[in-house]
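Coordinate inspection notes
Read off the chains here:
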Amino acid sequence: MTSQSPVATTTTAARNPRAALVVAAVVAAIAVLEILLVLVDAVVQGATDSGYYLVYAGNSLLFNVVPHALGVFLLLWLWPADAGARLLLVLARGLAAAFAGVVVSAIATFGYQIIASGLRLADYGALPISPFAGVWGATLALAPLVMLVVLAQWVIARGARL
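Since the structure is predicted, the reported quantities are computational estimates derived from the model, not experimental observations. (Residues numbered from 1 in each chain as written. Predicted model: local features only at pLDDT ≥ 70, side-chain atom pairs only at ≥ 80, totals over all residues. Heavy atoms only, no water.)

1. Structural notes on the overall build of the chain
Within the chain one finds four helices and zero strands. Secondary structure elements of the chain, listed N to C terminal, follow the sequence α-α-α-α. Across the 162 residues of the chain, 27% fall into the buried class. Put simply, of all contacts in the chain between residues at least 6 apart along the chain, 74% involve residues at least 24 apart. Of the accessible surface of the chain, which amounts to about 10800 Å², a share of 70% is contributed by carbon and sulfur atoms. (Helix = DSSP H or I, 4+ residues; strand = E, 2+ residues; numbered from the N terminus. Buried < 20%, exposed > 50% of the residue type's maximum accessible area, 1.4 Å probe, protein only. Contact = heavy atoms within 4.5 Å. Areas by Shrake-Rupley, 256 points an atom, 1.4 Å probe, with all protein chains shown as cover.)

Given below as C-alpha cells:
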C-alpha cells in the first residue's frame, strides 16, 4: 500500500517589473529634465565655460540619474507596492525606494572616487569626502517624487481593481 501525500499547491505571484520600471523611468525623466534646464539656463545666461556644464551633465547622468533610477527600480521590483497594500505601507515603500536610489548613487560615487584618485580600496580613508555623508539629505530630496509616483500608481491600480 502506498500512501499519497497531498500536494500543496502554492501560487506565488510573479514579480512584474513593469510597475517598478515605470516609477524608475519617471524619476529618471524628471532628473534629466532638471539637467536640461540647468544647461538651457547656462546657454541663456551666456556661459562661456561650456566644458564645465558638459562635465556637470555627464556626471549628473552617470552618478545621479542612472543610480537613482536603478535603486528605485530594484527596490520596487523586489518589494512591489501592490493594489492591496495600505496607504502607509505604499508610502513607506516609496521612501525605501528613494533611500535605495540614493545608496546606489553613493556607492557609484564612492567607486568613482576610488578609481579617479588612484587609491587602493584599503586606503579609502584618504578620500577628501565621505561618500555616505549626504545620504539622508539626498533621500529627503528624492523621496517626495518617488513617493508621489508610487502613490499615483497605487491609486490607479486600486481604481482598476474596483
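That covers the picture; the talk isn't over yet.
2. Notes on the layout of surface pockets
Taken as a whole, the largest pocket spans an internal volume of roughly 470 Å³. Along its surface, the largest pocket is lined by 25 residues, and Glu34, Asn64, His68, Ala138 and Leu142 are the ones closest to its centre. Mapped by element, the contributors of at least two residues to the lining of the largest pocket are helix H1 (17-45), helix H2 (50-78), helix H3 (87-117) and helix H4 (135-161). Looking at the lining of the largest pocket element by element, the count peaks at six residues for H2. Here the residues of the lining of the largest pocket are counted per class, giving 17 nonpolar, seven polar and one charged. (1 Å grid on protein atoms, 1.4 Å probe; cavity = no way out; pocket = protein on both sides within 12 Å on 5 of 7 lines; lining within 4 Å. Points joined across faces, edges and corners; volume = space filled by probe spheres on them. Nonpolar A, V, L, I, M, F, W, Y, C, P; charged D, E, K, R; others polar.)

3. Quick word on the confidence of the model for the chain
Across the chain, the average pLDDT comes to 83, with 82% of residues at or above 70. The low-confidence segment residues 8-13 (pLDDT under 50) makes zero contacts with residues lying over four places distant or belonging to another chain. (pLDDT = per-residue confidence, 0-100.)

4. Some thoughts on the nonpolar core
Counting 26 residues, the largest nonpolar core has Val23, Val72, Leu76, Leu142, Val146 and Val150 as its most contacted members. Those elements that place two or more of their residues in this core are H1, H2, H3 and H4. (Core = buried A, V, L, I, M, F, W, Y, C linked by side-chain atoms within 4.5 Å.)

5. Looking at the side chain of serine 60
Within the secondary structure, serine 60 sits in helix H2. Polar side-chain contacts of serine 60 include one of 2.9 Å to the backbone oxygen of tyrosine 56. (Polar contact = N/O pair within 3.5 Å; in protein donor to acceptor, adjacent residues only side chain to side chain.)

6. Quick notes on the environment of isoleucine 35
Examined against the element boundaries, isoleucine 35 turns out to sit in helix H1. A residue is classified by how much of its surface remains accessible, and isoleucine 35, at 7% relative accessible area, is buried. Between the alpha carbons of isoleucine 35 and leucine 61 there is a distance of 8.3 Å; along the sequence they are 26 residues apart. Apart from residues lying up to four places away in sequence, isoleucine 35 is in contact with Ala57, Ser60, Leu61 and Val65.

7. Description of a nonpolar patch on the surface
Where nonpolar side chains cluster on the molecular surface, the patch consists of Val22, Val26 and Ile30 and spans about 190 Å² of accessible area. Within the fold, isoleucine 30 resides in helix H1. Judged by relative accessible area, which is 32%, isoleucine 30 ranks as partly exposed. (Patch = residues over 30% accessible without salt bridge, like charges linked within 9 Å, V, L, I, M, F, W, Y side chains within 5 Å. Salt bridge = Lys/Arg side-chain N within 4 Å of Asp/Glu carboxyl O.)

8. Description of H2
For H2, which comprises 29 residues, the first-to-last C-alpha distance of 41 Å matches the rise-based estimate of 42 Å (1.5 Å per residue) to within 8%. At leucine 61, H2 shows its strongest bend, of approximately 40°. (Expected span 1.5 Å × (residues − 1). Bend = angle between axes of the 7 residues up to and from the residue.)

9. Details of H3
Between its terminal C-alpha atoms H3 stretches 45 Å, which fits the 45 Å expected from 31 residues at 1.5 Å a residue. At the exit of H3 stands glycine 118, carrying a positive phi of roughly 75°.

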